[in-house]
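Read off the chains here:
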Amino acid sequence: MSQQGYVAAPPYSQAQPGMGGYPSGYGGPPPQPMYGHYGAPPTGVAKGPVATPPPVSQYGSPMQQNGAHPQRIQPPSAVSSPYGQPPQVPYQSMAPQSLPPAQQLSNQMSGMQISGYGQMPMQPTQGPPSSAPQHPLQPGPPQMMSQPGPPHMMSQPGPPQMMSQPGPMVPGPQTQPLGSPPPMGAAPPMTGMAAPPMGMSGPFSGPPPMGGAGFQQSPGQMQPQGFPQQPGPYGGPMAAPQPGFPGAFPGGASQMAGPPQKKLDPNSIPSTTQVIEDDQAKKGGQLYTTNVRGQVPPLVTTDFTVQDQGNASPRFMRCTSYTFPCTSDLAKQCQVPLATIIKPLATIPKTESPLFMVNHGETGPIRCNRCKAYMCPYMQFMDGGRRYQCAFCNCVNEVPAFYFQHLDHMGRRMDVYERPELSLGSYEFIATLDYCKNNKPPSPPAYIFMIDVSFSNIKSGLVRLVCEELKTLLDRLPREDGAESSVVKVGFVTYNKVLHFYNVKSALAQPQMMVVSDVAEMFVPLLDGFLVNFTESRAVINNLLDQIPDMFADTNESETVFAPVVQAGVEALKAADCSGKLFIFHSSIPTAEAPGKLKNRDDRKLVSTDKEKTLFQPMRGVYEQLVKDCVSQGCCVDLFLFPSQYLDLATMGDTPTHTGGSVYKYSNFQVEMDGENFLSDLRKDVEKPIGFDAIMRVRTSTGFRATDFHGAVHMNNTTDVEMAAIDCDKAVTVEFKHDDTLSEETGALMQCALLYTTVGGQRRLRVHNLSLNCSAQLSELYKSCETDALINFFAKSAYRAMLNQPLKTVRDILVNQTAHMLACYRKNCASPSAASQLILPDAMKVFPVYMNSLMKTLPLVSSSELATDERAYQRLTVLSMGVEDTQLLLYPRLIPLHTMSVDSDAVPAAVRCSEERLTDGGVFLLENGRSLFLWVGQSCPPDLVQSLFNVPSLAHLPPDQSSLPDLDNPYSKKLRSIISSICEQRSNSMKVLVVRQKDRPEVLFRQQLVEDKGLHGGASYMDFLCYVHREIRQLLT
């Protein structure tokens, strides 16, 4: 069994005094499992007699003092932390509370030992452990452990020694579990030498170090004297580490002599960059064939080529686990969400073959009579080929005469490799009129450009910029594969308080403008001449685009409308009887008297209260109806926002989010600084492959079904996912639940069918099939988990839940489910070992770093310093992200540039996302798919600064530099080629922000260092790991 061991000291493996409040055996299904559900606050696993939860630790389970009875009062709100109130969980820790917080943290840290990740020297500090006086309602120090006294180490002095075996490490004689392969990145075996202390050598005095300590705070405790109270990673007080005393025997006296402890080495905890590198080394550049059921694909970060042999490519479908548990009881026990992230129109690299088209003529696609699943490789032919059994519902169907084919000696059709639908995981059918609206062929879609010509957009130069760009951009409208030109029609509207429509019919010499001032009853004043073919009307359109900036050059109108603009677009598409997309360029909150008028509701006093969720809830009424109108007409909305202040993005962004559109935001837009960035986004958005008027249905084999859908979608019923449009970057995350027992023999099958209209006006059906394994062994499920897909699911379900629940509850559920998943692995799958050891499944060993990073993202951090619109913006963009996007957002790439070789084409290997990796003399590039930072250390060599920026020293670099000069030297060329290759891979354009060490903009950069303590609340990776470890042990006790 491959497992990761984190070994702490032996005493914790013994029975612990005063632990109570829940049944001793953990593992049965809890009465109300937190299974990705956010419907209610987490409830207890065991229903005890206590009516109200005991006082609760700041970030974890309820605490009780020295075995005392649970207090009957809730802790006061003053004790609340920025990072979460206590979850009401059933696991009560009656830990003796005798040590100061940092004593306990350093105790746990020193006891923790990680097999297979290199040495971990610890850092000595000073200050004797002392008992603090206790007072019932004072915030207390964080308590780490449930055992008084420091942890005891192995009997030899010095830091713990590392072994390369992945199994548990306990002091004394030990046997290695048989057949356990070393974990990724395993270190070579170490000898028994003590490692030298790293970091500080002398006693530590002065203020407590950052990121040091506690996770929780129990209301019944007082801060030990001598430590200033500081905000801890999750709101608890921070304190300086204290010396522990290794060398005692298990259970021996807590204060035995021994050398001072040293700080845990961050290199010893699982590294995301190492996991990514190992997967690239093992599977990179290889051919991945999809002919094996339940096969786990390479990571999203790995370069590989897919050959479709019966299951959909991982570019289209990725699962949280490729082995489903056979029963719902097993699923509830492990709490690993069963979900698939589907990107139906994902871009296929040029090295792979495009999807095959199947045309069955007038009869249309062949489907099962009962469940309507489409013909696929899993269907079983019988009776000499005259009938087939559906793999999804087991119904036996007649084979149509035109489709008949004899079977070979294996029972397979003779033409199996000639028909894509019988041999491939993904393919497309040409849809018949039965699949079209009103049984008539669809018209080609239309693109309508709607420009806000209010004072701020004219003044900033945006209107002129858009008009100039459209003259050339309209030549690049998307077209059908093989078509000479695009058949997409175009139309133009400008607006402020009123709307201006333009007649650009090719027969006109000059464009004509029609004004609609009655915005309450929106209508389109002209039918003929509004939507036209660009090539035919090019002269009139260019004439119009020249006139618009001058026509409104002297405007003083600052009020705008928004809902009527979208309504006008819907009406225009309805009149032309086609689907389409609105490109809206908008700058301010719509305050003019009209339907959908909004008022400023940015009340930062609501942050950290139960009403904080209202800041992210869109306004209902007009906007709700607008979404329904857009979806039924196939009208997708793309919103380009240029705000200088709050504009209620939660409401304005709701329409794009539910119509398959995108939101782009450029705060305090300046043409010189942001123009190129915006134009790049606009070009990508206009040109990208897209399907309109789409409906998606996910069918499954018997025993489980799709229950929940997250994405830029609209749901009219429980099964049909409706999208006004879907492009190549949009993904839908689908959650599954059991409704019966699954069979290990047949496995679990799923089929995603997407019906959509192409940009050429053709109705098509795209089908993706995937087969997974089923097992009654939880170890098989954990072995085939995919961390990147899991975190995509958790991000989307948490971002949806925050509309209905306090952020604190959402964060608590995330932590609880993390602990549950890992505790279940420990209990059911790992070799027996000391309770003080943290064991992670190999496939999920970096899951905690992603989960901790998710909880530090802007939407989930309660801080009144953060702009509400910025938080709402990130929330909406993540909802439609695919696995590769969420992976990069939650663990950015940090690339050292000062060590790069200018001779090779390779991008330097990324390093861990932590401040500890930065060097004063270095230059680092950080990218997360949304932004690019170029960080320059204060001691960066002048010749490197000259090569990159063309200035003699760092002091000469302008503070707000957002572009790189085009210089003729190898360093500059290499850096620009790295940046352009990164930008090509991403769906969004990214502006380069040059950040000098210790300058003010460095704050934005440091927010991306996800292994460190969060700037607005949130633990470091190391602290979070310790915290989760403690939660797991409480679950297992």
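See the structure printed just above.
Reference entry: report on the structure contained in this document. Everything numeric here is computed off the predicted structure, so don't read it as measured data. Along each chain, residue indices are assigned from 1 in the same order as the chain's sequence is written. Given that this is a predicted model, residues contribute local features only at a pLDDT of at least 70 and side-chain atom pairs are listed and counted only at 80 or more, while totals for whole chains, interfaces and linings are drawn from all residues. Each side-chain value is derived from all of the structure's non-hydrogen atoms; neither hydrogens nor water enter the calculation.

**Section: the pairing of strand β13 (residues 489–495)**
- Only protein chains enter the accessibility calculation, which uses a 1.4 Å probe. A residue is then buried if its area is under 20% of the maximum for its type, exposed if over 50%, and partly exposed in between. Strands here mean DSSP runs of E at least two residues long; helices mean DSSP runs of H or I at least four residues long; both are numbered from the N terminus. The element β13 is largely enclosed, with a buried count of six among its seven residues.
- The pairing criterion is simple: DSSP has to find at least two bridges between the two strands. Bridge count for strand β12 (residues 446–452) against β13 is seven bridges, and the pairing is parallel. By the bridge assignment for β13, Asp-452 is matched with Tyr-495.
- Here β13 hands over to strand β14 (residues 499–503) after three residues, the two strands then running antiparallel side by side.

**Structural notes on helix α19 (residues 942–949)**
- All buried positions along α19 are accounted for by Leu-944, Val-945, Ser-947, Leu-948 and Phe-949. Mapping the buried residues of α19 onto a view down its axis gives an arc of 165°, with all of them on the same face. Exposed residues lying more than 90 degrees from the buried face of α19 are Pro-942 and Asp-943.
- Directly after α19, the chain includes Asn-950, whose backbone phi takes a positive value near 60°. Note: the arc covers the axis-to-C-beta directions of the helix.

**Digging into unusual backbone geometry**
- Residue Gln-335 is not a glycine yet carries a positive backbone phi of 60°.
- Looking at the secondary structure, you find Gln-335 in the loop between α3 (328–334) and β6 (339–342).
- Overall, Gln-335 belongs to the buried group, its relative accessible area being 1%.
- The phi dihedral of Asn-438 falls on the positive side, at around 55°, and the residue is not glycine.

**Concerning empty space enclosed by the protein**
- A 1.4 Å probe that fits into a set of points on a 1 Å grid over the protein atoms alone but cannot get out defines a cavity; an open set with protein on both sides within 12 Å along at least five of seven lines defines a pocket, and lining residues are those with an atom within 4 Å of a point. Grid points are joined across faces, edges and corners, and a volume is the space filled by probe spheres set on the points. This model, assessed by the stated rule, comprises 10 cavities of 30 Å³ or more.
- Each pocket or cavity is described by its volume, and for the largest cavity that value is around 260 Å³.
- If you trace the largest cavity, you find 17 residues lining it, with Ser-662, Lys-730, Thr-877, Ser-880 and Arg-930 closest to the centre.
- Elements supplying a minimum of two residues to the lining of the largest cavity: β19 (663–665) and α17 (868–878).
- Computed from the structure, the second largest cavity encloses a volume of approximately 90 Å³.
- Note that Gly is not counted as nonpolar here; it falls among the polar residues with everything else outside the nonpolar set of Ala, Val, Leu, Ile, Met, Phe, Trp, Tyr, Cys and Pro and the charged set of Asp, Glu, Lys and Arg. By residue class, the composition of the lining of the second largest cavity is eight nonpolar, five polar and no charged.

**Overview of the pattern of salt bridges**
- Basic side-chain nitrogens of Lys or Arg form a salt bridge, by our definition, when they fall within 4 Å of a carboxyl oxygen of Asp or Glu. What the rule picks out here adds up to 53 salt bridges.
- For Glu-352, the salt bridge is made with Arg-315, and the minimal N-O distance between the two is 2.4 Å. In this pair, Glu-352 sits in the loop between β6 and β7 (357–358) while Arg-315 sits in the loop between β3 (305–307) and β4 (317–319), placing the two residues 37 residues apart along the sequence.
- When its relative accessible area of 10% is taken as the criterion, Glu-352 is described as buried.
- With a relative accessible area of 22%, Arg-315 lands in the partly exposed category.
- Asp-739 is the salt-bridge partner of Arg-705, the closest N and O atoms lying 3.3 Å from each other. You can see Arg-705 sitting in strand β21 (residues 704–710) and its partner Asp-739 sitting in the loop between β24 (732–738) and β25 (748–757), a full 34 residues away along the chain.
- By sharing partners, the salt bridges in this structure join Lys-581, Asp-638, Asp-685, Lys-688, Asp-727, Asp-729 and Lys-730 into a single network.

**Concerning the packing of helix α14 (residues 787–801) against α17**
- Between α14 and α17, the least distance of the axes is 9 Å, while the angle of their chain directions is 130°. Between α14 and α17, the interaxial angle falls into the category oblique. The way α14 lies across α17 gives a crossing that is left-handed. Mapping the contact onto sequence places Ala-795, Lys-796, Tyr-799 and Arg-800 in α14 and Gln-874, Arg-875 and Val-878 in α17.
- The residue inventory of the contact of α14 with α17, partitioned by class, reads three nonpolar, one polar and three charged. Comment: axis = line fitted to C-alpha atoms, over the contacting stretch for helices; angle = value between 0 and 180 degrees taken between N-to-C directions. Any angle that falls under 35 degrees is termed roughly parallel, while one over 145 is termed roughly antiparallel, one within 65 to 115 roughly perpendicular, and all others oblique. Throughout, a crossing is termed right-handed when the near helix is turned clockwise from the far one, and left-handed when it is turned anticlockwise from it by less than a right angle. Whether two residues are in contact is decided by their heavy atoms, any of which lying within 4.5 Å being enough.

**Details of a nonpolar patch on the surface**
- Patch membership requires over 30% relative accessible area and the absence of a salt bridge. Like charges are linked within 9 Å, and nonpolar side chains (Val, Leu, Ile, Met, Phe, Trp, Tyr) within 5 Å. Note on areas: these come from Shrake-Rupley sampling with a 1.4 Å probe, and a residue is covered only by the protein chains present in the view. Side chains of Met-513, Val-515 and Met-551 sit close together on the surface and give an oily, nonpolar patch of about 250 Å² of accessible area.
- When you line up the elements, Val-515 lands in strand β15 (residues 512–516).
- Here Val-515 falls in the partly exposed class, since its relative accessible area comes to 49%.

**Quick word on the packing of helix α15 (residues 807–828) against helix α22 (residues 1021–1036)**
- Contact geometry of α15 with α22 gives a least axis separation of 9 Å together with a crossing angle of 60°. Considering the angle they form, α15 stands oblique to α22. In the crossing of α15 with α22, the sense of the turn from one axis to the other is right-handed. Contact residues: α15 offers Val-815, Asn-816, Thr-818, Ala-819, His-820, Leu-822, Ala-823, Arg-826 and Lys-827, while α22 offers Phe-1024, Tyr-1027, Val-1028, Glu-1031, Ile-1032, Leu-1035 and Leu-1036.

**Here we look at the pairing of β6**
- Burial of the side chains of β6 extends over both faces: Ala-339 and Ile-341 are buried on one face and Thr-340 and Ile-342 on the other.
- One ladder, built from three bridges, connects β4 with β6; its direction is antiparallel. Within β6, the residue paired with Met-317 across the bridge is Ile-342.
- In terms of strand pairing, β6 meets β24 through four bridges, oriented antiparallel. Its bridge partner lying in β24, Ile-341 is registered against Thr-733.

**Section: the sheet that holds strand β29 (residues 923–927)**
- Read across the sheet, four strands follow the order β28-β29-β30-β31 without closing on themselves; strand pairing throughout is mixed. Of all the strands in the sheet, just β28 (893–896) and β31 (992–996) have a single pairing partner and so form its edges. The mean angle between the axes of side-by-side strands here comes to 20°, regardless of whether they run parallel or antiparallel.
- Summarising the sheet, β29 and strand β30 (residues 932–936) pair through five bridges and their orientation is antiparallel. Directly across from Leu-926, in β30, lies its bridge partner Phe-933.
- Across the sheet, helix α20 (residues 970–985) lies against β28, β29, β30 and β31, angled at about 10° from β29, the strand it touches most.

**Examining helix α18 (residues 883–890)**
- Taken across its eight residues, α18 has six buried, putting it largely inside the fold.
- Of all the positions in α18, only Val-883, Thr-886, Gln-887, Leu-888, Leu-889 and Leu-890 are classed as buried.

**Describing the nonpolar core**
- For this analysis, a nonpolar core means a set of buried residues of the types Ala, Val, Leu, Ile, Met, Phe, Trp, Tyr and Cys, connected via side-chain atoms within 4.5 Å. Formed by 155 residues in total, the largest nonpolar core has its most connected members in Phe-324, Leu-499, Phe-501, Ile-584, Tyr-782 and Leu-854.
- Considering every element that reaches this core, the biggest residue donor is α15, with 10 residues.
- For Phe-324, the residues in contact, after removing those within four places along its chain, are Leu-338, Phe-704, Phe-736, Leu-742, Ala-748, Met-750, Leu-772, Asn-773, Cys-774 and Ser-775.
- Formed by 44 residues, the second largest nonpolar core is a distinct cluster that contains Cys-467, Val-532, Tyr-664 and Phe-669.

**What to know about the environment of Leu-330**
- Checked against the element boundaries, Leu-330 lands in helix α3.
- Sequence separation of Leu-330 and Gln-777 is 447 residues, and the distance between their C-alpha atoms is 8.7 Å.
- If we skip the residues at most four places from it in the chain, Leu-330 touches Pro-325, Ser-775, Ala-776 and Leu-778.

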